[in-house]
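Here's the letter readout for the chains.
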Amino acid sequence: MAVRPLRPPRFDVAVALAGLLGGLLLWGFGLGVRPGDDPMVLFGGRWALLVPLGVTACCELLRRTAPRTALLTGTLALAADTTTQGSIATIVMFTDLMYAAVVYGSPATARRLPWITGVLTLAGMLVPYAVWRVPEALLIGLVVGALAFAPASTGLIVRNHRDAADAARLQAEQTALLAEMDRVQAVTAERSRMARELHDLVANHLSAIAIHSTAALSLDDPGTSKDALTVIRENSVQGLSEMRRLIGILRDGADDREPSATPTLDGLGALVAGARANGLDVTLDAGHGAVPAPVELAAYRIVQESLTNALKHAAAGRVTVCLRRSPDALEIRVTSPYGDRDGPRAPGSGAGLVGMRERAALLDGSFEAGPEDGPEGKRWVVRAALPVTDVEQGEA
């Protein structure tokens, strides 16, 4: 419900003045509802009808600030007007007070007044007819209906339309707010996805470049330096190729050349070969079979980031990569020798584990990483389980 004004609005003041001036004009011309010699007129003096007229005009000032009080006072003024010659202006202003009480009053008042006035209208028709047994008695109910039930019903219709318009406007504002929230969430999610992709694309190759460039600078051996520069060049070319792929995706194919294909699990052999060229002793055991494309990309990136972390942090020893397809999930396990180091071989952002965990969470999978003791000594173990059933159903 709208907040009621503390002071009468200008429109209400204008209505009160118009009703008062109209009533005074009719009074000046001697026009009343009933003649002065009517037996129902108890106060037939010329000045008697001005009191109800003035009170009703004052009630019009309260039609929006205090609608129920205005209606009750106006009802008493109308009752007093019936004991005089009566003024049409008083009757018209009373109908407006009934209308305003429904439109601007409380919801309970708006619900009850049409029913009350409807009952009074029926009573005004049936009771006089039952007493006097003349058709003219029905006119009393019609007058009550015209003065009370008709404006109350009109006010209820107007109020319902206003409430419906307010509800539609509120719903539109909420829809716009939800759309803006969805847009912000979509932009945030896309930025996070791009950050993960960019990190996975660049971190592996730049880590290898940093490690081999350090080796080339620290050793005064032309042969070793040449091998290190060869590895640096290969990683630079591969990194640039991956960057071109990402830029091509961001440009939505606007480039003249098509971006390279999205990495798949069939490329794990080349990924492991590149890790061996970077100095890692890696063994690959991939028994994954066919998996959905989102799971395939996530698994590839998890293995890629695990090998990058092993290149930067792992001690000397064998790194194992194992993929197994269960009926409902693709299980990934990457282990590497765990050794206490003062720092990594190459600087990093520390976002690798976060990115892998986010990739698994986006597919409703599980991820964990940490040191474990085993027969081969202490090792760093990365485990991930990516569901394939739900993804296959979603693609279908």
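To start, this report covers the structure provided alongside it. Computed from a prediction, not measured in an experiment: that's the story for all the values here.

Digging into the nonpolar core
Counting residues in hydrophobic clusters, the biggest one holds 32 residues, and the most contacted among them are Ile332 and Leu386. Broken down by secondary-structure element, the contributors of at least two residues to this core are helix H8 (268-277), helix H9 (293-313), strand E2 (318-325), strand E3 (329-337), helix H10 (352-362) and strand E5 (377-387). Residue contributions to this core peak at nine residues, all from H9.

Overview of the pattern of salt bridges
Under the defined criterion, the tally for this structure stands at 10 salt bridges. Across the pair Asp281 and Arg318 runs a salt bridge, and its minimum N-O distance is 3.5 Å. Of this pair, Asp281 sits in strand E1 (residues 281-287) while Arg318 sits in strand E2; the two residues are 37 residues apart in sequence, bridging distant segments of the chain. A salt bridge links Asp285 to Arg324, with the nearest nitrogen and oxygen atoms 2.6 Å apart. Separated by 39 residues along the polypeptide, Asp285 in strand E1 and Arg324 in strand E2 bring together distant segments of the chain. Its relative accessible area of 37% is what places Arg324 among the partly exposed residues. In this structure, a network of salt bridges that share partners links the residues Asp12, Glu60, Arg63, Arg64 and Asp96.

Things to note about a positive patch on the surface
A surface patch of like charges, here positive, comprises Arg4, Arg68, Arg111 and Arg112. For Arg112, the location among the structural elements is in helix H5 (residues 107-132). Judged by relative accessible area, Arg112 falls into the exposed class, the value being 56%.

A closer look at the state of the cysteines
Scanning all chains against the criterion turns up zero disulfides. Cys58 carries a free sulfur, and the closest cysteine sulfur to it, the one in Cys59, is 7.1 Å from it.

Some points on helix H4 (residues 88-104)
Taking 1.5 Å as the rise per residue, H4 with 17 residues should run 24 Å; its terminal C-alpha atoms sit 24 Å apart, in good agreement. Within H4, 13 of the 17 residues are buried, leaving the element largely enclosed by the surrounding structure. A distance of 3.3 Å separates the backbone nitrogen of Ala89 from a side-chain oxygen at the start of H4, and that oxygen is part of Ser87.

A word on unusual backbone geometry
In this model, Arg133 sits at a positive phi of 60°, which is unusual for a non-glycine residue. Residue classification places Arg133 among the exposed positions, given a relative accessible area of 60%. A positive phi angle, close to 60°, is found at Asp364, a residue other than glycine. Residue placement: Asp364 occurs in the loop between H10 and strand E4 (366-374). Given a relative accessible area of 63%, Asp364 falls into the exposed group.

Definitions and cut-offs
Residues numbered from 1 in each chain as written. Predicted model: local features only at pLDDT ≥ 70, side-chain atom pairs only at ≥ 80, totals over all residues. Heavy atoms only, no water. Core = buried A, V, L, I, M, F, W, Y, C linked by side-chain atoms within 4.5 Å. Buried < 20%, exposed > 50% of the residue type's maximum accessible area, 1.4 Å probe, protein only. Helix = DSSP H or I, 4+ residues; strand = E, 2+ residues; numbered from the N terminus. Salt bridge = Lys/Arg side-chain N within 4 Å of Asp/Glu carboxyl O. Patch = residues over 30% accessible without salt bridge, like charges linked within 9 Å, V, L, I, M, F, W, Y side chains within 5 Å. Areas by Shrake-Rupley, 256 points an atom, 1.4 Å probe, with all protein chains shown as cover. Lys, Arg positive; Asp, Glu negative; His and termini not counted. Charge placed at Lys NZ, Arg CZ, Asp CG, Glu CD. Disulfide = S-S within 2.5 Å. Expected span 1.5 Å × (residues − 1). Polar contact = N/O pair within 3.5 Å; in protein donor to acceptor, adjacent residues only side chain to side chain.

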